[in-house]
Amino acid sequence: MHGYTQGKEEYVTRLRRIEGQIRGLQRMVEEDKYCIDILTQVSAATKALQSVSLGLMDEHLKHCVSDAIAKGGTEADEKIKEASDVIARLVRS
């Protein structure tokens, strides 16, 4: 079971909302809307995705990584490296 499983419906709802935002952005471009208005919506969609990412990362650390650390061994080292790598990717994006 993944750490986000209990909040899965909330994540799905948030992602569907973001999907709608992205479709709205596509429509804005197709309709030649003002650049600043499009960029404002891009920023909002980006923040929404970042919020989902942070929530998932938090759940991953609380469940998957902490469970691996409790078990110890190479799995713990792998989970910590994996979390570290994904944090680095999120920071760069």
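This section reports on the structure supplied with the text. Since the model is a prediction, treat every value here as computed from it, not as a measurement. (Residues numbered from 1 in each chain as written. Predicted model: local features only at pLDDT ≥ 70, side-chain atom pairs only at ≥ 80, totals over all residues. Heavy atoms only, no water.)

**Remarks on helix 2 (residues 35-71)**
Moving on, step 1. Over its 37 residues, helix 2 extends 52 Å from the first C-alpha to the last, a length consistent with the 54 Å expected when each residue adds 1.5 Å.
Moving on, step 2. At His-60, helix 2 shows its largest kink, close to 35°.
Moving on, step 3. When helix 2 is considered as a whole, its buried residues turn out to be Ile-38, Ala-45, Val-52, Gly-55, Met-57, His-60, Val-65 and Ala-68.
Moving on, step 4. Next to the buried residues of helix 2 lie helix 1 (8-30) and helix 3 (73-92).
Moving on, step 5. Taken from the residues just after helix 2, Gly-72 is the one with a positive phi, measuring 75°. (Helix = DSSP H or I, 4+ residues; strand = E, 2+ residues; numbered from the N terminus. Expected span 1.5 Å × (residues − 1). Bend = angle between axes of the 7 residues up to and from the residue. Buried < 20%, exposed > 50% of the residue type's maximum accessible area, 1.4 Å probe, protein only. Contact = heavy atoms within 4.5 Å.)

**As for the environment of Val-42**
Moving on, step 1. Structurally, the position occupied by Val-42 is in helix 2.
Moving on, step 2. With relative accessibility at 34%, the residue Val-42 sits in the partly exposed group.
Moving on, step 3. Between the alpha carbons of Val-42 and Met-28 there is a distance of 11 Å; along the sequence they are 14 residues apart.

**Focus: the environment of Arg-89**
Moving on, step 1. Positionally, Arg-89 belongs in helix 3.
Moving on, step 2. The exposure class of Arg-89 is partly exposed, given its relative accessible area of 47%.
Moving on, step 3. Separated by 43 residues in the primary sequence, Arg-89 and Thr-46 place their C-alpha atoms 15 Å from one another.

**Some details on unusual backbone geometry**
Moving on, step 1. We note that Asp-32 has phi near 55°; this positive angle belongs to a residue other than glycine.
Moving on, step 2. Along the chain, Asp-32 falls in the loop between helix 1 and helix 2.

**Points about the layout of surface pockets**
Moving on, step 1. The calculated volume of the largest pocket comes to roughly 210 Å³.
Moving on, step 2. Mapped onto the lining of the largest pocket, the elements with two or more residues apiece are helix 2 and helix 3.
Moving on, step 3. Among the elements that make up the lining of the largest pocket, the one with the highest residue count is helix 2 (5 residues).
Moving on, step 4. Grouping the amino acids of the lining of the largest pocket by side-chain chemistry returns 4 nonpolar, 4 polar and no charged. (1 Å grid on protein atoms, 1.4 Å probe; cavity = no way out; pocket = protein on both sides within 12 Å on 5 of 7 lines; lining within 4 Å. Points joined across faces, edges and corners; volume = space filled by probe spheres on them. Nonpolar A, V, L, I, M, F, W, Y, C, P; charged D, E, K, R; others polar.)

**Quick notes on the packing of helix 2 against helix 3**
Moving on, step 1. The N-to-C vectors of helix 2 and helix 3 enclose an angle of 165°; their axes lie 7 Å apart at closest approach. One way to sum up the angle between helix 2 and helix 3 is to call them roughly antiparallel. With respect to the hand of their crossing, helix 2 and helix 3 are arranged in left-handed fashion. Here Ser-53, Met-57, His-60, Leu-61, Cys-64, Val-65, Ala-68, Ile-69 and Lys-71 of helix 2 lie close against helix 3, whose contacting residues are Gly-73, Glu-75, Ala-76, Lys-79, Ile-80, Glu-82, Ala-83, Val-86, Ile-87 and Leu-90.
Moving on, step 2. Grouping the amino acids of the contact of helix 2 with helix 3 by side-chain chemistry returns 12 nonpolar, 3 polar and 4 charged. (Axes fitted to C-alpha atoms, helices over the stretch in contact; angles between N-to-C directions. Parallel < 35°, antiparallel > 145°, perpendicular 65-115°, else oblique. Left-handed = near helix turned anticlockwise from the far one by under 90°.)

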